[in-house]
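Working through the structure, step by step
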Amino acid sequence: QVQLVVSGGGLVQAGGSLRLSCAASGRIFSSYRMGWFRQAPGKEREFVAHINWLGDSTYYTASVKGRFTISRDNAKNTVYLQMNNLKPEDTAVYYCATDPTSTGTYEYWGQGTQVTVSS
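Residues numbered from 1 in each chain as written. Predicted model: local features only at pLDDT ≥ 70, side-chain atom pairs only at ≥ 80, totals over all residues. Heavy atoms only, no water.

Describing the pattern of salt bridges
In this structure the tally under the stated criterion is 4 salt bridges. One salt bridge connects Asp 90 with Arg 38, and the closest N-O pair in it is separated by 2.9 Å. Of this pair, Asp 90 sits in the loop between β8 (78–83) and β9 (92–99) while Arg 38 sits in strand β4 (residues 33–39), and the two are 52 residues apart along the sequence. Linked by salt bridges that have partners in common, Arg 38, Glu 46, Arg 67 and Asp 90 make up one network. (Salt bridge = Lys/Arg side-chain N within 4 Å of Asp/Glu carboxyl O. Helix = DSSP H or I, 4+ residues; strand = E, 2+ residues; numbered from the N terminus.)

Focus: the sheet that holds strand β1 (residues 2–7)
Neighbouring strands of a sheet are bound in pairs by backbone hydrogen bonds; such pairs are parallel or else antiparallel. With antiparallel pairing, the 4 strands of this open sheet are ordered in space as β1-β3-β8-β7. At either end of the open sheet lies a strand with only one pairing partner, and these are β1 and β7 (68–73). Sheet twist, expressed as the average angle between the axes of neighbouring strands with direction ignored, equals 15°. Pairing of β1 with strand β3 (residues 18–26) involves 6 bridges; the strand directions are antiparallel. Bridged to Val 2 within β3 is Gly 26. (Pairing = 2+ DSSP bridges. Axes fitted to C-alpha atoms, helices over the stretch in contact; angles between N-to-C directions.)

Thoughts on the state of the cysteines
Across all of its chains, the model carries 1 disulfide by this definition. Sulfur-sulfur distance for the disulfide between Cys 22 and Cys 96 comes to 1.9 Å. With the S-S bond torsion at 60°, the cross-link from Cys 22 to Cys 96 turns out right-handed. Residue Cys 22 is located in strand β3, and its partner Cys 96 is located in strand β9; the two are separated by 74 residues in the primary sequence. As far as burial versus exposure is concerned, Cys 22 and Cys 96 are alike and both buried. (Disulfide = S-S within 2.5 Å. Buried < 20%, exposed > 50% of the residue type's maximum accessible area, 1.4 Å probe, protein only.)

Observations concerning the nonpolar core
Judged by nonpolar contacts, the single largest core of 30 residues is most densely connected at Trp 36, Leu 81, Met 83 and Tyr 94. Sorting the residues of this core by element identifies β1, β3, β4, β5 (46–51), β7, β8, β9 and β10 (113–118) as the ones contributing at least two each. (Core = buried A, V, L, I, M, F, W, Y, C linked by side-chain atoms within 4.5 Å.)

Considering the environment of Thr 103
Relative to the helices and strands, Thr 103 resides in the loop between β9 and β10. Taking the C-alpha atoms as reference points, Thr 103 and Arg 33, 70 residues apart in sequence, are found 9.0 Å from one another. Within the structure, the side chain of Thr 103 is placed 2.7 Å from the side chain of Thr 101, a separation counted as a polar contact. (Polar contact = N/O pair within 3.5 Å; in protein donor to acceptor, adjacent residues only side chain to side chain.)

Here we look at the packing of aromatic side chains
Within this structure, the stated rule accounts for 5 aromatic pairs. The structure contains a cluster of three or more aromatic residues connected by ring pairs, namely Phe 37, Phe 47, Tyr 59, Tyr 106 and Trp 109. The ring of Phe 37 has Arg 45 lying over it, and the distance from NZ or CZ to the ring centre is 6.0 Å. (Phe/Tyr/Trp six-rings, centres within 6.5 Å; stacked < 30°, edge-to-face > 60°. Lys NZ or Arg CZ within 6 Å of the ring centre and 35° of its normal.)

Thoughts on the pairing of β3
Pairing analysis gives 6 bridges linking β3 to β8, with the strands arranged antiparallel. Paired with Ser 21 across the two strands is Tyr 80, which belongs to β8.

What about the environment of Lys 87?
Structurally, Lys 87 is set in the loop between β8 and β9. For Lys 87, a relative accessible area of 31% puts it in the partly exposed group. The spatial distance from the C-alpha of Lys 87 to the C-alpha of Ala 24 is 28 Å, given a sequence separation of 63 residues. Other than its neighbours up to four places away in sequence, Lys 87 contacts Arg 67 and Val 117. (Contact = heavy atoms within 4.5 Å.)

The values are spatial; any link to function lies outside them.
Shown next as structure tokens:
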């Protein structure tokens, strides 16, 4: 089993930056594709970004491309989401998750962290 602990959320003004961290323990983290998701109030959870196990392949949803960067440090069992030029519409609870088979089936989820962007 994998445990994921998410941290780094907070309140920031529009145009500001935050970096989220997702620390993993348990099974072999370094072999898993990892993803970030978010859920805004009253909306369904949406995909934000994912990164392959090696860290050399990433994919972003269109609304964050060019502003967010996903990365990972397998030595630290941690995946990051650097969020720059934040907008009020980025306000959501952010989650990380594991995709062990790299098929888009996310198995384990972190507890989420609130990101609030004020205008």
